[in-house]
Every structure is written in structure tokens, then in C-alpha cells.
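Coordinates in review
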Amino acid sequence: MSIEIKNMSVGDINKASRSSVEGTRDASPADDGAAKAGTGTDRTGNPGDSVTLTQGGKQLAQLDAAGGNQPPVDAQRVQSIKQSVQDGSYTIDHAKVADKLLGMEAAHKR
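A few points about the overall build of the protein chain
Of the regular secondary structure elements, the protein chain holds 4 helices and 4 strands. Each helix and strand of the protein chain, ordered N terminal to C terminal, gives the series β-α-β-β-β-α-α-α. Per-residue burial over the protein chain gives 6% buried out of 110 residues. In the protein chain, 29% of the contacts between residues at least 6 apart in sequence involve partners at least 24 apart. On the protein chain, roughly 9,300 Å² of surface is accessible, and the fraction owed to carbon and sulfur atoms is 54%.

Observations regarding helix 3 (residues 75-87)
Look at helix 3: 18 Å from first C-alpha to last across 13 residues, which is about the 18 Å you get at 1.5 Å a residue. Once helix 3 finishes, G88 follows within two positions and takes phi at roughly 80°, a positive value.

Observations concerning the side chain of S84
Residue placement: S84 occurs in helix 3. Looking at S84, the relative accessible area reads 19%, which means it is buried. Ignoring anything within four residues of it in the chain, the contact list for S84 reads S89 and Y90.

Remarks on a nonpolar patch on the surface
Taken together, the side chains of I81, V85, Y90, I92, V97, L101 and M104 define a hydrophobic patch exposed on the protein surface, amounting to about 660 Å² of accessible area. Looking at the nonpolar patch, the elements that each hand over two or more residues are helix 3 and helix 4 (94-109). In terms of residue count, the dominant contributor to the nonpolar patch is helix 4 (3 residues). The class for M104 is exposed, based on a relative accessible area of 55%.

Some details on the confidence of the model for the protein chain
With 58% of its residues at a pLDDT of 70 or more, the protein chain has an overall mean of 74. Predicted confidence in the protein chain is weakest over strand 2 (residues 28-29), with a mean pLDDT of 44, and strongest over helix 3, with 95.

Quick notes on the rules
- Residues numbered from 1 in each chain as written.
- Predicted model: local features only at pLDDT ≥ 70, side-chain atom pairs only at ≥ 80, totals over all residues.
- Heavy atoms only, no water.
- Helix = DSSP H or I, 4+ residues; strand = E, 2+ residues; numbered from the N terminus.
- Buried < 20%, exposed > 50% of the residue type's maximum accessible area, 1.4 Å probe, protein only.
- Contact = heavy atoms within 4.5 Å.
- Areas by Shrake-Rupley, 256 points an atom, 1.4 Å probe, with all protein chains shown as cover.
- Expected span 1.5 Å × (residues − 1).
- Patch = residues over 30% accessible without salt bridge, like charges linked within 9 Å, V, L, I, M, F, W, Y side chains within 5 Å.
- Salt bridge = Lys/Arg side-chain N within 4 Å of Asp/Glu carboxyl O.
- pLDDT = per-residue confidence, 0-100.

See the structure below:
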């Protein structure tokens, strides 16, 4: 992702933070496959700021949006585990837990 700020000095930044930007248009795909947002002009007619998302950035945004449609947990699995704990049939594989902990510890040290 890249951010481009054109024709801005420290004084302009302070002014811009106190006033609203007008004339901003919606994001539209560019010829190079990148999406640009916030292009337009401010009150003085100067070019506005722009943000460009690379193809990888757009893919991440799509994956994030697709993941938002899924529930954060598998409710059926949670219910199944709760039932197993309540009726005493839930078993813990201590060796598997130890292996996972050791693997996480080794990964953390890298």
C-alpha cells in the first residue's frame, strides 16, 4: 500500500486538520490493478491526497470481507465439547497437548 500527499506543507496540514475536505470522489480501480481512494481537490483547488492498494492489498481486503461472513467460532463443535465435558466423556490427550506446547515454545524462541 502506498500513500501520496501532494503539495502539503506543515501549515497546510494544520489547516487541513481544522477544515473539511470537499470534492472527494469514491474509490475506482486504476489501469495498473490498484484501487485509489480520496483523489480530488481541497477547498483551495489543490490536488487531494490519494491512497493506492496493491493487488496483494486488494486480495487481503477480499479475504477479510469473506471471513466476516463466517461466525468466529464453530457453535456445533463448542456445543459438542460442552456436552462431552458435562457427561464426563471428554478426554484430554496429554502427550498431544505437551507436543503442541513444546512446538509453540520452539517457534517463539526463533
